[in-house]
Amino acid sequence: MQQSYDCPICLSISVDPIQLSQCNHIFCSACIVDLLDYNNQSYKCPLCRQLYQKNEPLIINQELAKKIKESNPELYVQRQQQILQQQMMLPNQIKVSVVYGNLYEKIKNNDKNQHQWTLVVKMDYNKESDRVALKNFDINNMIESVTYQLHATFRPSVVTVKQAPFQLQRLGWGTFMIPFLIKFKKEYNIPNLTVDHYLSFQGNGSLQKQITKLDISNVKEYQEISEQQNQQQQLQQQQ
Ligand SMILES: [Zn+2]
Ligand SMILES: [Zn+2]
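First, a word on what this report is: a plain description of the structure on this page. Remember, it's a predicted structure, so these values are computed and weren't measured experimentally. (Residues numbered from 1 in each chain as written. Chains lettered and ligands numbered in written order. Predicted model: local features only at pLDDT ≥ 70, side-chain atom pairs only at ≥ 80, totals over all residues. Heavy atoms only, no water.)

## Observations regarding the coordination of the zinc ion (ligand 1)
Okay, so step 1: Protein coordination at the zinc ion (ligand 1): the donors are C7 (SG), C10 (SG), C28 (SG) and C31 (SG), at 2.3 to 2.4 Å from the metal.
Okay, so step 2: In this structure, the zinc ion (ligand 1) is coordinated by four donor atoms arranged in tetrahedral fashion, with angles at the metal of 105 to 113°.
Okay, so step 3: Read from N- to C-terminus, the donor residues coordinating the zinc ion (ligand 1) fall into the pattern C-x2-C-x17-C-x2-C.
Okay, so step 4: We classify C7 as buried; its relative accessible area is 1%.
Okay, so step 5: Take C10: its relative accessible area is 24%, and that puts it in the partly exposed class. (Donors = N, O, S within 2.8 Å, 3.2 Å for Na, K, Ca; no water. Tetrahedral: all angles 85-135°; square planar, octahedral: opposite > 155°, others 65-115°. Buried < 20%, exposed > 50% of the residue type's maximum accessible area, 1.4 Å probe, protein only.)

What follows is the structure, encoded as structure tokens:
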């Protein structure tokens, strides 16, 4: 059996691969580093949720990199260039994440519809420093609308939420796949995002994250802050 070198995050071959020490799962270094930005103390394998402490370093496995590159040199180089391009951030760009999924609560009633689920879409920062810098900006304000396509047995089965919180609560008896169409306000220049979420009735539900870039030069709250800072600097220079 041939071992798969595919990265479960980008679904292409793993570039500059990192192999986690306990579960042996392989990812592109760029892909996994992107995902692990959230938590300071520990991190989980994005595939199997194996827990690692942050002091276990993520090191590119050069031997494995060579093997993967040899298995498909053209694709490897192509992916390497794509990743490089994705990582080139303009000075005014920050990474933010779209958090989506469902919350879950079991309801006590005699009906068979005893599963209460709430579909959720919200924005979050990837870095605390960005959250502080943009504290006057309501990041959920980036979202224009979220369209949830429910199972055909729901009436209506397609629901568009146009106001924060972009949530939708229903009672049901079974799980199914729900496509989310997330539209952002024009001024943020972020393409529409379509994600598929499989409804979860386990624990409190399940949330996932997708990273996108935000051009903060389009955020007027950020402009106001940088203007204030400029004015203060000018005042200090004049004194
Ligand atoms: Zn990858
Ligand atoms: Zn794993």
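Here the narrative resumes, following the displayed structure.
## Looking at the coordination of the zinc ion (ligand 2)
Okay, so step 1: Donor atoms from the polypeptide that bind the zinc ion (ligand 2) are C23 (SG), H25 (ND1), C45 (SG) and C48 (SG), placed at 1.9 to 2.4 Å.
Okay, so step 2: Bound by four donor atoms, the zinc ion (ligand 2) shows angles of 106 to 115° at the metal and therefore tetrahedral coordination geometry.
Okay, so step 3: Positions of the donor residues of the zinc ion (ligand 2) along the chain correspond to the pattern C-x1-H-x19-C-x2-C. Of this pair, H25 sits in the loop between β1 (17-19) and β2 (26-28) while C48 sits in the loop between β3 (42-44) and β4 (51-53), placing them 23 residues apart in sequence. (Helix = DSSP H or I, 4+ residues; strand = E, 2+ residues; numbered from the N terminus.)

Don't take any of this as a statement about function, it's just geometry.
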